[in-house]
Amino acid sequence: MGVSSGPVWEVAAGWLLPRRRSVQTAPAIRDPGSDILVVPGGFQRVLLRGLDIEDTARLIEASAGIEPTSGLVEALYSHTAGNPFFMTETIRLLSESGELSAVHAGTPDAIRIPEGVRDVIGQRLNRLSERCNEVLTTASIVGKEFDFRLLSILSAEMSEDQLLQALDEAVSVHLIEGVPGQIDRYQFRHALIQQTLAEEVTTSRSVRLHARIAEGLEEMYGDVAESHAGELVYLFAEAEPVV
C-alpha cells in the first residue's frame with residue numbers, strides 16, 4: 001500500500017475530522033504502548049478518546065462553515081470536555097440559532113443544553129440511586145467543583161459513609177471525578193452535567209440551597225471569611241428572599 005499525500009480523514013473519538021498530513025495506510029503493528037489492538041480476523045479495536053482543542057476548532061469549521069475564534073473554541077471545549085456527542089449537538093443548536101454565524105463567532109454568553117444531550121444525561125442520572133441524585137443536585141448548585149466538607153454540612157441528614165457511597169457511585173459512572181492533587185475535592189466531568197442538574201432545581205429550592213451554601217462556607221472559612229467576602233456576598237444575594 002502507498003502513502004497518501006493529500007487531505008485525508010481521521011477518526012477522533014469516533015468522529016471523522018479532516019486531517020492535513022500524510023498517513024501510512026499499511027496495517028498497524030502491535031505495540032505495547034499503542035492505542036491500536038489487532039484482533040484476530042483482521043479487525044482492529046481502537047481506543048477512542050475525546051476531542052482536543054484543535055479537533056474542536058476543526059469540527060466547528062466543518063460543521064458550521066466558519067473559522068471560529070479562539071474564545072469560541074475554548075468555550076465549547078470547556079463546556080463539553082471534548083465529548084464528541086455533546087459538542088456536535090451543541091454546535092448544531094448554536095448554528096441553528098445563528099450564534100455560530102460569521103458575524104457572531106465569538107464566545108457565547110450562555111451555552112444552552114441541546115435536548116438530545118439533556119436526554120442522554122437524564123438517562124444516566126435516572127440509573128443512579130435517589131441518594132446519589134440528591135447529592136449531585138446539591139453539588140450542582142455549589143458549582144463545577146465542590147468540597148466534601150461543604151457537602152457534608154449541606155447533607156447533614158446523611159452519615160459520612162452514606163455521603164461517600166453516593167460520591168463513589170457518581171465517580172464509578174464517570175459523572176464526577178476527584179480534582180487532581182486535592183483531597184476531598186471533586187468536580188463534574190462535564191459542565192453540561194452540572195448545568196442539567198442545576199436547571200432541574202426549582203427557584204424556591206435554589207434560593208434555599210444558596211443560603212445553606214453561604215452559611216456552610218462561612219462556617220468552613222471561620223476567621224478568614226472576610227477574605228472570601230465577594231463569594232459570600234454573591235451567595236447571600238442569591239438567597240436574599242430567605243435570609
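Nothing here was measured: the structure is a model prediction, and the numbers come from that model.

Student: Would you mind going over the pattern of salt bridges with me for this structure?
Tutor: Opposite charge on two side chains makes pairing possible when the charged atoms of those side chains draw close. Taken as a whole, this structure holds six salt bridges when the rule is applied. The salt bridge involving Arg 118 is made with Glu 199; its shortest N-O contact spans 3.2 Å. Separated by 81 residues along the polypeptide, Arg 118 in helix H4 (residues 115-126) and Glu 199 in helix H8 (residues 191-199) bring together distant segments of the chain. For Arg 118, a relative accessible area of 19% translates into the label buried. Judged by its relative accessible area of 43%, Glu 199 falls in the partly exposed class.

Student: Where do I start with the pairing of strand E9 (residues 185-188) in this structure?
Tutor: Looking down a regular strand, the side chains alternate between one sheet face and the other. Relative to E9, strand E7 (residues 145-147) is paired through three bridges, and the arrangement is antiparallel. Within E9, the position partnered with Glu 145 by the bridge is Gln 187. Here strand E8 (residues 176-178) folds back onto E9, and the loop between the two strands holds six residues, one of which, Gly 181, carries a positive phi near 80 degrees.

Student: When you look at the sheet that holds E9 in this model, what are you seeing that I'm missing?
Tutor: Adjacent strands of a sheet form backbone hydrogen bonds with each other and so pair up, either parallel or antiparallel. Read across the sheet, three strands follow the order E7-E9-E8 without closing on themselves; strand pairing throughout is antiparallel. Each edge of the open sheet is held by one strand with a lone partner, namely E7 and E8. The sheet shows a mean angle of 30 degrees between the axes of neighbouring strands, taken without regard to direction.

Student: Help me out: how do you make sense of the packing of aromatic side chains in this one?
Tutor: Pairs of aromatic rings are described using the distance from one ring centre to the other and the angle between the two planes. Overall, the coordinates contain three aromatic pairs when judged by the stated rule. Aromatic pair Phe 85 and Phe 86: ring centres 6.2 Å apart, planes at 55 degrees, arrangement tilted. Given the relative accessible area of 29%, Phe 85 is considered partly exposed. Judged by centre distance (6.0 Å) and plane angle (15 degrees), the ring pair of Phe 146 and Tyr 186 falls under stacked. Of this pair, Phe 146 sits in strand E7 while Tyr 186 is found in strand E9, placing the two residues 40 residues apart along the sequence. When its relative accessible area of 11% is taken as the criterion, Tyr 186 is described as buried.

Student: Can you help me understand the packing of helix H3 (residues 84-96) against H4 in this one?
Tutor: When two helices pack together, their arrangement is given by the angle between the helix axes and the distance between those axes. Viewed as axis vectors pointing N to C, H3 and H4 meet at an angle of 150 degrees, and their least axial separation amounts to 8 Å. Taken as axis vectors, H3 and H4 run roughly antiparallel relative to one another. Between H3 and H4, the contacting residues are Phe 85, Phe 86 and Glu 89 on the first element and Gly 116, Val 117, Val 120 and Ile 121 on the second. Broken down by class, the residue content of the contact of H3 with H4 amounts to five nonpolar, one polar and one charged.

Student: What exactly am I supposed to notice about H8 here?
Tutor: Every α-helical turn comprises 3.6 residues, leaving residues that sit three or four positions apart pointing alike. Summarising burial for H8: seven of the nine residues are buried, a large majority. When H8 is considered as a whole, its buried residues turn out to be Ala 191, Leu 192, Ile 193, Gln 194, Gln 195, Thr 196 and Leu 197.

Student: Help me out: how do you make sense of the layout of surface pockets in this one?
Tutor: Take a probe with the size of a water molecule and roll it over the atoms, and the empty space left behind shows itself. Roughly 260 Å³ of internal volume is contained in the second largest pocket. In terms of lining, the second largest pocket is formed by 16 residues, of which the most central are Val 142, Glu 145, Ile 213, Leu 217 and Glu 231. Looking at the lining of the second largest pocket, the elements with two or more residues in it are helix H5 (130-142), E7, helix H9 (203-221) and helix H10 (229-238). Take the lining of the second largest pocket: its biggest share by element is five residues, from H9.

Procedures and definitions
- For every chain, the first residue of the written sequence is number 1, and numbering continues from 1 onward in sequence order.
- Where local features are concerned, this predicted model is filtered to residues with pLDDT of at least 70; where side-chain atom pairs are given and counted, the filter is 80 or more; whole-chain, interface and lining totals use all residues.
- To obtain the side-chain values, all non-hydrogen atoms of the structure were used and water was disregarded.
- Whenever Lys or Arg places a side-chain nitrogen within 4 Å of a carboxyl oxygen from Asp or Glu, that contact is recorded as a salt bridge.
- Each helix is a run of DSSP H or I of at least 4 residues and each strand a run of E of at least 2, with the numbering of both proceeding from the N terminus.
- A simple rule labels every residue: compare its accessible area, found with a 1.4 Å probe on the protein chains alone, to the largest value its type can have, and call it buried under 20%, exposed over 50%, or partly exposed in between.
- Paired strands, in this sense, are two strands between which DSSP finds at least two bridges.
- Between the N-to-C directions of two axes lies an angle of 0 to 180 degrees, each axis being a line fitted to C-alpha atoms and, for a helix, fitted only over the stretch in contact.
- Centres within 6.5 Å are what make two rings of Phe, Tyr or Trp a pair, Trp counting through its six-membered ring; a difference in plane orientation under 30 degrees is then read as stacked, over 60 as edge-to-face, and the rest as tilted.
- For classification purposes, an angle smaller than 35 degrees is called roughly parallel, one larger than 145 roughly antiparallel, one from 65 to 115 roughly perpendicular, and anything else oblique.
- Working rule for contacts: check all heavy atoms of both residues, and any pair within 4.5 Å makes them a contact.
- Throughout this entry, Asp, Glu, Lys and Arg are counted as charged residues, while Ala, Val, Leu, Ile, Met, Phe, Trp, Tyr, Cys and Pro are counted as nonpolar. The remaining residues, Gly among them, count as polar.
- Each cavity reported here is a set of points on a 1 Å grid over the protein atoms alone in which a 1.4 Å probe fits but cannot get out, each pocket an open set with protein on both sides within 12 Å along at least five of seven lines, and each lining residue one with an atom within 4 Å of a point.
- Grid points are joined across faces, edges and corners, and a volume is the space filled by probe spheres set on the points.

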